[in-house]
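Report on the structure
One-letter residues, chain by chain:
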Amino acid sequence: MTAVAIEGVSRAFGAVQAVAAISLDIRDGEFFTLLGPSGCGKTTLLRMIAGFCELDCGVIRFGDKRIDTLAAHRRNTGMVFQNYAIFPNLNVGANVAYGLRARKVATARIAERVRSALKLVHLEDYEARWPHQLSGGQLQRVAIARALVIEPEVLLLDEPLSNLDAQLRVEMRGEIRQLQQSLGITAIYVTHDQEEALAISDRIAVMRAGRLEQVGTPDSIYRNSATPFVAQFMGITNLLEGKVLGHEGAHLVVEAGATRFRIESVAIAPGEAITFSLRPEALRVLGAGEAPPPDWGVIEAQVARAEFLGTLTRIEAHLPDATMLRIALLDQTIETPAAGQTLSLCYDPRRVSVPERS
Amino acid sequence: MKFGAGAGFRITVTVFGLLFLGLFFLYPVLRVFSASFLDSSGAQLTLHNYAKVLSSAFYLDSMVNSLWIGVLATVATTLVAAPMAFALARLPLAGKTALMALSILPLVLPSFVGAYALLLLFGRAGIVTSGLHALGIPFGSIYGTPGIVLVYVLTLYPFVLLPALAGFKAVDVSVEEASQNLGASRWRSLRTVTVPIVMPAILSGALLVFIDTLENFGVPFVLAEDMPILAVEAYKLFVGETDTNPGSAGVLGVLLVASTAAVVMIQRRYLGRRRFATGARRSPPLIPLSRGFRALATAYCWTLVLASLVPFFAVIVISFLEFRGPVLHWHVSLDNYVELFERSLRPLQNTLFLSTLAALGAALLGVPIGYVVTRARTRITALLDIVATMPFAVAGTVLGIGMIITFNSGWLVLTGGWFILVLAYVVRKVPFSVRTSSAILHQIDPSLEEASINLGVSPAMTFLRLTVPLMLGGIVGGMVLTWVSAASELSSTVLLYSGQWQTLTVVMFQALESTGAGLAAATASLLIFFTVVPIALIYRLLRRYEMSLL
Ligand SMILES: Nc1ncnc2c1ncn2[C@@H]1O[C@H](COP(=O)(O)OP(=O)(O)OP(=O)(O)O)[C@@H](O)[C@H]1O
Ligand SMILES: [Mg+2]
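Residues numbered from 1 in each chain as written. Chains lettered and ligands numbered in written order. Predicted model: local features only at pLDDT ≥ 70, side-chain atom pairs only at ≥ 80, totals over all residues. Heavy atoms only, no water.

Description of the site of ligand 1
All names here are of chain A.
- Lining the immediate environment of ligand 1, one finds F13, V16, A18, S38, G39, C40, G41, K42, T43, T44 and E159.
- At 2.7 Å from an oxygen atom of ligand 1 is found a main-chain nitrogen or oxygen belonging to G39.
- T44 is positioned such that a nitrogen or oxygen atom in its side chain is 2.5 Å from an oxygen atom of ligand 1.
- Relative to its unbound accessible surface of 630 Å², ligand 1 loses 59% to contact with the protein.
- Ranked by residues supplied to the shell around ligand 1, first place goes to helix α1 (residues 42-50) with three residues.
- Of the residues contributing to the shell around ligand 1, the split by class is four nonpolar, five polar and two charged. (Near = heavy atom within 4 Å. Polar contact = N/O pair within 3.5 Å; in protein donor to acceptor, adjacent residues only side chain to side chain. Areas by Shrake-Rupley, 256 points an atom, 1.4 Å probe, with all protein chains shown as cover. Helix = DSSP H or I, 4+ residues; strand = E, 2+ residues; numbered from the N terminus. Nonpolar A, V, L, I, M, F, W, Y, C, P; charged D, E, K, R; others polar.)

Here it is in structure tokens:
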């Protein structure tokens, strides 16, 4: 049973506040991802958990056990490094056995556990190979086997896929996720790739400049971004600024870009300013004479540019006051719209999210 | 105060390193300083020693001579070596691999033996001199400044050559191309872009040359004759034929240390403001040359390399010739060696024994220090770094004097055995050991160590089980080089040896004052043998580390 509790943890490097008063509760068996742009402090936080970076203040616990005061080699975490950190002077088997030897496991047991760990990552026949004879993806698997074989309380991964090519990344992330679920181990995963984070996490913490912006499931973070920063960081979005006009049934009517939008009711009084996010893929083109589903909002925009990407067509359009509106159409059976054409678009008001101003 | 990961190991190494160097390096050197401020009874503070030395034309001359020879030798060495570095890096030369291999030898061959070889060949009773005289050709003197500077240039040029070569190879060729693209000729690009980029590397090599010339004891001792030189006069004052004079010797020691320290500081300030590494992925391409220029460049490099090795070669040849007294007979014989070994095998055994212990000691002390100052950057490890680099700027003569003053009496008596010699060697070689291990560590990714600690191995055990094996090639290479340079150490050895603890260098030193030329040649050959063979054995290792161990 290893839940990880991070309580008010901070760390500054000179004038840079790398991690600023972060508190997190990571549940037992959870796949938890730290996500954020470069330099936001993800690695620093992960290294604090592993014991490679001192805390200025705060406490970290595994279950009820306080671990931030323990030496790094006593914490029983399994870390997978970005550059793999496979010992070049040891072969694959000895790399995997390294942590077991340190734990003085009986020799016979070591051989057995190494074999089953390598089997787990599909490298059964590679025990006698040398690291320089392996490909990047294989090295990554060795690193994972080496971290898992010691049966760590928590698995820590710092951008483990960033050195692999695009296709392998997708493959490996699936494997990592599957492995984590079958072992039921708590995993903390660092990445700056939002797609990767969405694909494999139970929950995600989005970080910015050493602080937490939002913690939640991939769904809620994507659809209900808590701040404009998160809304933008989680993928292309239309972040529109406008003014609340009033209520209309269950909806709020907002004017932005000289257009009236309907959104789900929020606690903002008429007359006040509002920022809301409308994902490009939430917009649908209405054919001539086609009626929108009941209760949906309808707007018009003029196409400025259209990009055909195969599965997707990306359109940049203008609202009447020239505010830009991005639209993503999933292979609809219409022709790619031409520049200058006016489109009728509809959207489900529930797809509009109102991040808090920060 | 909070301590981070691996604090126990780091603190142990730091504390032990500071204690060791404090006791066996800083304290003795401090005692030299304080001796220079004490009167002859050793109880009263006085500036009398300084007044006496600084008012003496002789000792002022020694200062001026040392600095002047240092400047001349440094300038000459740089002017000779920098073009060779460029040629090796950028020009098509014949026999480049052999050139590179041979050009590191002077660095490990004892300069003192080189000076001695010159004396055997061109000295007043030298073989070449006598031959020329017999033919009626007059021959000038190699004693004094010209001879000393010549020996320095021929033995120290690799100090400039190696960093400059690395520098020229690291220049990103695209900056030269950019310069030519902007309209500069090839020559102009070289002058305005390439050379300035490499300048810091050249200057850091020049600094090593200057410091070496200032503290060198053997070369001036052999070749200076009546010309006073700081390191030699400090020794003479301290050993004192009539009476010993630690106070005045201390003053000369202080002057010596102050000069080297000043140079190091000036160079640090200059280089601190300049960092031009361009980080080329591949070496720049060779510049095509016409046959004539190619032959010229090849001849230049080979002349320099051969000139630096010929004296050593000559000594070996001479050692197999027969001497009757000082007179050479052109018969091949082993008499010199027979005489050497009949007298005693002790000097050879001593040299092997002492250098081996010194190499082990310097590695045991220097490698952990190098590790700590590279991997854990704190204020206290920065201090350790400075203290462990300082012996480099302190002449062996000064350290030797300090050790005698300190450990001759009092609560810790060490003089009069092998231990103090080993201590002196370890202290003198520690900067080298620290620097090489730090250079090797820069090639080892720190995340390997973190992975090991993360898997449950303590930092100290990680160092022993993972880092040391990974560094092993470099550590062994560094130990061989320490071994070699300890075997040819002279300046502190002549002060600290006693009774039966003569080394090969001491035998040569004494042979200089008597007339045993044949014996000295045989001793020198032994020393050369014990230098060249180990270096040849680890040459591949040196290439792997791109000579950064030197
Ligand atoms: N050892 C250090 N010394 C000084 N500053 C540091 C150190 N480590 C990290 N920092 C600084 O702390 C901040 C956070 O760094 P961190 O490595 O945690 O970022 P990151 O989120 O992992 O970024 P990336 O995605 O680029 O890996 C950065 O501004 C970085 O420059
Ligand atoms: Mg990072």
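As for the interface of chain A and chain B
- Taken residue by residue, the interface counts 25 residues in chain A and 21 residues in chain B.
- For the pair chain A and chain B, the two sides together bury roughly 2,000 Å², of which 59% comes from carbon and sulfur.
- Taken together, the connections running from chain A to chain B amount to one salt bridge.
- The residue R47 of chain A makes a salt bridge to E450 of chain B at a minimum N-O spacing of 2.7 Å.
- Linking chain A to chain B there are seven residue pairs in polar contact (both at pLDDT 80 or more).
- For the side of chain A that touches chain B, the secondary-structure elements that each account for two or more residues are α1, β6 (77-80) and α2 (92-102) of chain A.
- The residue inventory of the side of chain A that touches chain B, partitioned by class, reads 13 nonpolar, seven polar and five charged. (Contact = heavy atoms within 4.5 Å. Buried area = accessible area lost by both parts, 1.4 Å probe. Salt bridge = Lys/Arg side-chain N within 4 Å of Asp/Glu carboxyl O.)

Quick notes on a nonpolar patch on the surface
- Together, V64, W68, V71, L72, V75 and L79 of chain B give the surface a local cluster of nonpolar side chains, amounting to about 550 Å² of exposed area.
- As for its placement among the helices and strands, L72 of chain B is situated in helix α3 (residues 57-90). (Patch = residues over 30% accessible without salt bridge, like charges linked within 9 Å, V, L, I, M, F, W, Y side chains within 5 Å.)

Here we look at the sheet that holds strand β5 (residues 65-66) of chain A
Residues and elements named next belong to chain A.
- Read across the sheet, four strands follow the order β2-β1-β4-β5 without closing on themselves; strand pairing throughout is antiparallel. Looking along the sheet, the strands with just one partner apiece sit at the ends: β2 (16-26) and β5.
- Most of the contacts of α1 go to strand β1 (residues 4-13), to which it runs at about 120 degrees, and overall it touches β1, β2 and β4 (57-62). (Pairing = 2+ DSSP bridges. Axes fitted to C-alpha atoms, helices over the stretch in contact; angles between N-to-C directions.)

Things to note about the domain arrangement of chain B
Residues and elements named next belong to chain B.
- Domain assignment breaks chain B into domain 1 (1-34 + 322-550) and domain 2 (61-239 + 262-319).
- Centre-to-centre separation of domain 1 and domain 2, based on C-alpha positions: 24 Å.
- Residue-level contacts link 43 residues of domain 1 with 33 residues of domain 2.
- Of the roughly 3,200 Å² buried where domain 1 meets domain 2, counting both sides, 81% is carbon and sulfur surface.
- The salt bridge involving E215 is made with R428; its shortest N-O contact spans 3.2 Å. (Domains from an automatic or database assignment.)

Quick notes on the environment of S409 of chain B
Residues and elements named next belong to chain B.
- By secondary structure assignment, the location of S409 is in the loop between α18 (396-407) and α19 (418-441).
- Classification of S409 as partly exposed rests on a relative accessible area of 47%.
- Along the sequence, S409 and A388 sit 21 residues apart, while their C-alpha atoms lie 26 Å from each other. (Buried < 20%, exposed > 50% of the residue type's maximum accessible area, 1.4 Å probe, protein only.)

Some remarks on the sheet that holds strand β9 (residues 203-208) of chain A
Residue and element names in this part refer to chain A.
- Spatially, the six strands line up as an open sheet ordered β6-β7-β8-β3-β9-β10, and their pairing is mixed. A strand with exactly one partner marks an edge of an open sheet, and here the two such strands are β6 and β10 (211-216). Direction aside, neighbouring strands of the sheet carry axes that sit 15 degrees apart on average.
- Sheet topology note: the strand β3 (residues 31-35)/strand β8 (residues 186-191) ladder contains five bridges and is parallel. The partner of L34 across the bridge, within β8, is V190.
- Packed on one face of the sheet, α1 meets β3, β6, β7 (154-158), β8 and β9 and runs near 150 degrees to β7.

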